[in-house]
Amino acid sequence: MLVVGDVVTDVVARHRGPLAPGTDTAASVRTLPGGAGANVACWAAHWGCADVRLLGRVGADAAAWHERELTASGVRARLVVDPAAPTGTVICLVDADAAAERTFLTDSGASMRLEPADWSPTLLDGVARLHLSGYLLFSGPSRALLSVALESARARGVPVSLDPASTGFLTELGVDRFLDLVAGVDVLLPSRDEACLLTGLPDAADAAAKLSRHVPLVVVKQGARGALVARSGTVGARVPAVPATPRDTTGAGDAFTGAFLAALLTGATPENAAAEGCRAGALAVERVGGRPPGLGPRGA
């Protein structure tokens, strides 16, 4: 599997209760490797996918660290070092008293500066699935790369999945433009909020059904409510969540996606693959950061 997407540095600050404007709020702060694309790749490898590759773009400031962390997770990374921009950084504010809900402050840096020149059709050699991070849609150069990658995949008959990534950025991009850009994708993996935003429907099942008229397979991630699997305008399965005690929900959707795709590649049905995704999501929320077990903080 080849993943194309963002590689960023996460600064995770876990605090209790509301932030105190104008003064100090006590928090536990850790610096960890992250990025939706990179997280998906790591979880896919952790879930048993034997050959996971990643194309991403980073700054010189953290390129070596990110490559080491990805290699330690079993991911073969091709990281383009941006000559001008630093590695993307996301500050994750996690309220430990509110079901570990998080708020992101995002400096995309080099992560959304992937461009067509970074792509080669040879990246698909031996690849059974291409997965695209939705963050590629939110800048001109990376949108152009996404189009080139989709065209290459179509030419080779390689199936393509995509995670929409962010309601905030989707709102700026526009729903119609999003649907045009993802034409040709065979699996869409939105969160509940993303699915509702993309359809204008308040009910996640209705949203999943509607999206599955545009994309052959839609899997809506609902966190503690499990997942919905929809095809041809119909929700065919409601997959229950795995009980968990959340510490940090950062990367839970990426964990679901990575495990889901890994299972799909072994021949699992979408419903069984979604159950694997729910297992991975439960494991992810009980950890701090967006990566699977076995990875330590920067400098550890």
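In the block above lies the structure referred to throughout.
## Some points on the environment of V4
- The topology assignment puts V4 in strand β1 (residues 2-4).
- Taking the C-alpha atoms as reference, V4 lies 9.0 Å from A41; in sequence the two are 37 residues apart.
- Beyond its immediate stretch of four places on either side in the chain, V4 contacts L55, L114, W119, L130, H131, L132, S133, L136 and L145.

## Observations regarding the sheet that holds strand β10 (residues 187-188)
- One open sheet holds the nine strands; their spatial order is β5-β4-β1-β8-β9-β10-β11-β12-β13, and the pairing between them is mixed. Each edge of the open sheet is held by one strand with a lone partner, namely β5 (75-82) and β13 (234-239).
- By the bridge criterion, three bridges tie β1 to strand β4 (residues 52-59) in an arrangement that is parallel. Note that in β4 the partner of V3 across the bridge is L54.
- Helix α8 (residues 252-265) contacts β8 (130-133), β9 (160-163), β10, β11 (217-221) and β12 (227-231) of the sheet and is inclined by roughly 145 degrees relative to β11.

## Topic: unusual backbone geometry
- Of note, A165 is a non-glycine position whose phi angle comes to about 90 degrees, a positive value.
- Along the chain, A165 turns up in the loop between β9 and α4 (167-173).
- A relative accessible area of 19% means that A165 is categorised as buried.
- The phi dihedral of S232 is positive, around 50 degrees, even though this residue is not glycine.

## Some thoughts on α8
- Taking 1.5 Å per residue, 14 residues should reach 20 Å; α8 reaches 20 Å between its end C-alpha atoms and fits that length.
- What α8 keeps buried is the set A252, D254, A255, F256, T257, G258, A259, F260, L261, A262, A263 and L264.
- Of the residues one or two after α8, G267 is the one with positive phi, at around 100 degrees.

## Some thoughts on the pattern of salt bridges
- For the coordinates displayed, the defined rule picks out 10 salt bridges.
- With a closest N to O distance of 3.1 Å, D51 and R76 form a salt bridge. Remark: R76 occurs in strand β5 and D51 occurs in the loop between α1 (36-46) and β4; sequence separation between them is 25 residues.
- D51 gets classed as partly exposed once you look at its relative accessible area, which sits at 27%.
- Between D82 and R57 there is a salt bridge, with the nearest N and O atoms lying 2.8 Å from each other. Of the two residues, D82 is situated in strand β5 and R57 in strand β4; the sequence distance between them amounts to 25 residues.
- Given the relative accessible area of 2%, D82 is considered buried.

What counts, and at which threshold
Residues numbered from 1 in each chain as written. Predicted model: local features only at pLDDT ≥ 70, side-chain atom pairs only at ≥ 80, totals over all residues. Heavy atoms only, no water. Helix = DSSP H or I, 4+ residues; strand = E, 2+ residues; numbered from the N terminus. Contact = heavy atoms within 4.5 Å. Pairing = 2+ DSSP bridges. Axes fitted to C-alpha atoms, helices over the stretch in contact; angles between N-to-C directions. Buried < 20%, exposed > 50% of the residue type's maximum accessible area, 1.4 Å probe, protein only. Expected span 1.5 Å × (residues − 1). Salt bridge = Lys/Arg side-chain N within 4 Å of Asp/Glu carboxyl O.

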